[in-house]
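For reference, the chains in residue letters:
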Amino acid sequence: MSRSISQPASESTSRKKSKSAPSHQAGHKETYVRFRLNDRIEHFLLLTSFTVLGITGIPQMFADTGWGVTLIDWMGGIEFIRIVHRVAAVVLMLETIYHGGVVTYKVFVKRVRLTMMLSWKDMTDAIQSLTYNLGFSKEAPKMGRYNYAEKAEYWAVIWGTLVMVITGFMLWNPIATTNFLPGVVVPAAKAAHGGEGLLAVLSIIVWHMYHVHVKSFNRSMFTGRISRHEMEEEHALELAEIEAGIADRPVDPVSERRRRLIFLPVAAVISVTLLTGLYFFVTYEETAITTIPRQPIESIVPAAEPEDGVP
Ligand code: HEM
Ligand code: HEM
């Protein structure tokens, strides 16, 4: 999933002539491999688990509204969607652990460049894009493998997933949580979880869908390829490096092999620890899924004293 913060030295965007188009026009019909199968599978897992989490979570947040209750009933009732929410949460957490492994492997073993890291240039690119789109400047910014919009998307997902997993843990295991923290953290976690959940869903709809659907219909996360035109528009600096033949960083296979021999056992220990932690996270507490149906409660409110004393 394009959530790779770096570009593997041996796997940078590469030029592939599409067989069908004749050579001269080939320039324009040229496509570049932008995402490998692994990235696309990761993105698909993120896309599906996130969508299920949003669809099963948001109505819970508005369970005191008519449309919230209707949506919950449509989806099979509160207990069913709470179970589905948790299954999707486990998929998201497993994908996040896997992604952490992929990124550290690329950075430590493959020594790839950290193309997803934010830099001051992203700030100036964002401002230049704005002035260019408003017609105040003549030139659009030239950007690298990941432009400021894609980096913002990536780090928002990292930050958001962390918040949702930590607050999700507290909602999932309120007794374990309050063994260590004051009880007030559970309603606070609910507010933070709901708030971040709503923000995440709206930012995907507004920011991500604009950049991958409206601005240009970017199919690269599904086909793996990006057109020359899109490279010129969105990744001109990377295209220049590819054309100059300097996109790939030379790799010394001997030292890469030595690094891999160190990385794999360490990664195995860390993954087993994280997966065991996840197992306890999910099974530690028999939290109530069975939900008591809504009961009309009679509340006795003392009659207010009349202000002027006349009954
Ligand atoms: C990243 C996407 C996610 C979104 C958009 C999302 C959204 C929501 C929303 C809106 C609620 C209702 C909050 C309320 O009642 O005010 C909720 C409840 C809940 N969420 Fe999430 N959530 C996400 C991820 C997670 C994760 C990763 C976990 C677990 C680690 C989790 C566990 C829970 C739990 C336990 C509840 C309480 C209700 C229940 O038991 O189903 N959520 N979620
Ligand atoms: C129908 C829904 C979606 C579509 C069509 C879609 C499409 C895409 C495309 C085409 C890219 C590649 C952009 C590039 O060239 O770099 C991408 C990247 C990405 N997507 Fe999605 N996406 C969807 C949903 C999601 C969701 C739900 C999330 C997260 C919760 C997500 C997170 C990301 C991230 C982090 C990247 C990498 C940063 C970037 O390159 O923009 N996507 N997506």
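Residues numbered from 1 in each chain as written. Chains lettered and ligands numbered in written order. Predicted model: local features only at pLDDT ≥ 70, side-chain atom pairs only at ≥ 80, totals over all residues. Heavy atoms only, no water.

A. Looking closely at the environment of V282. Following the sequence through the fold, V282 ends up in helix α12 (residues 253–283). Assessed through its relative accessible area of 28%, V282 is described here as partly exposed. V282 sits 109 residues away from N173 along the chain, and the two C-alpha atoms are 8.5 Å apart. Ignoring any residue separated from it by four or fewer positions in sequence, one finds V282 in contact with V90 and W172. (Helix = DSSP H or I, 4+ residues; strand = E, 2+ residues; numbered from the N terminus. Buried < 20%, exposed > 50% of the residue type's maximum accessible area, 1.4 Å probe, protein only. Contact = heavy atoms within 4.5 Å.)

B. View of the side chain of R228. Mapping R228 onto the fold places it in helix α10 (residues 228–234). Accessibility expressed as a relative area gives 17% for R228, which makes it buried. Side chain to side chain, R228 and Y32 meet in a polar contact 2.8 Å long. (Polar contact = N/O pair within 3.5 Å; in protein donor to acceptor, adjacent residues only side chain to side chain.)

C. Representation of the coordination of the iron atom of ligand 1 within the structure. Surrounding the iron atom of ligand 1 are the protein donor atoms H85 (NE2) and H193 (NE2), at 2.0 Å. Relative to the metal, the six donor atoms surrounding the iron atom of ligand 1 lie at angles of 88 to 178 degrees, and the coordination shape comes out octahedral. In this pair, H85 sits in helix α4 (residues 78–109) while H193 sits in helix α8 (residues 185–214), placing the two residues 108 residues apart along the sequence. Per residue, the accessibility class of H85 equals that of H193, and both read buried. (Donors = N, O, S within 2.8 Å, 3.2 Å for Na, K, Ca; no water. Tetrahedral: all angles 85-135°; square planar, octahedral: opposite > 155°, others 65-115°.)

D. Layout of helix α6 (residues 148–172). For α6, spanning 25 residues, the distance from its first C-alpha to its last is 35 Å, which sits close to the expected 36 Å at 1.5 Å a residue. Where α6 begins, the capping side chain belongs to N147, and its oxygen is found 3.1 Å from the backbone nitrogen of A149. (Expected span 1.5 Å × (residues − 1).)

E. A look at the site of ligand 1. In the neighbourhood of ligand 1, 21 residues make up the surrounding shell, with Q60, R82, H85, R86 and H193 lying closest. Elements represented by at least two residues in the shell around ligand 1 include exactly α2 (37–61), α4, α6 and α8. (Near = heavy atom within 4 Å.)

F. Highlighting the packing of α2 against helix α3 (residues 66–74). Where α2 contacts α3, the axes come no closer than 8 Å and their chain directions differ by 140 degrees. In terms of axis orientation, α2 runs oblique to α3. Helix-helix and strand crossings are classified by hand; for α2 and α3 the assignment is left-handed. On α3, the residues touching I58, P59 and Q60 of α2 are W67, G68, L71 and I72. Of the residues contributing to the contact of α2 with α3, the split by class is five nonpolar, two polar and no charged. (Axes fitted to C-alpha atoms, helices over the stretch in contact; angles between N-to-C directions. Parallel < 35°, antiparallel > 145°, perpendicular 65-115°, else oblique. Left-handed = near helix turned anticlockwise from the far one by under 90°. Nonpolar A, V, L, I, M, F, W, Y, C, P; charged D, E, K, R; others polar.)

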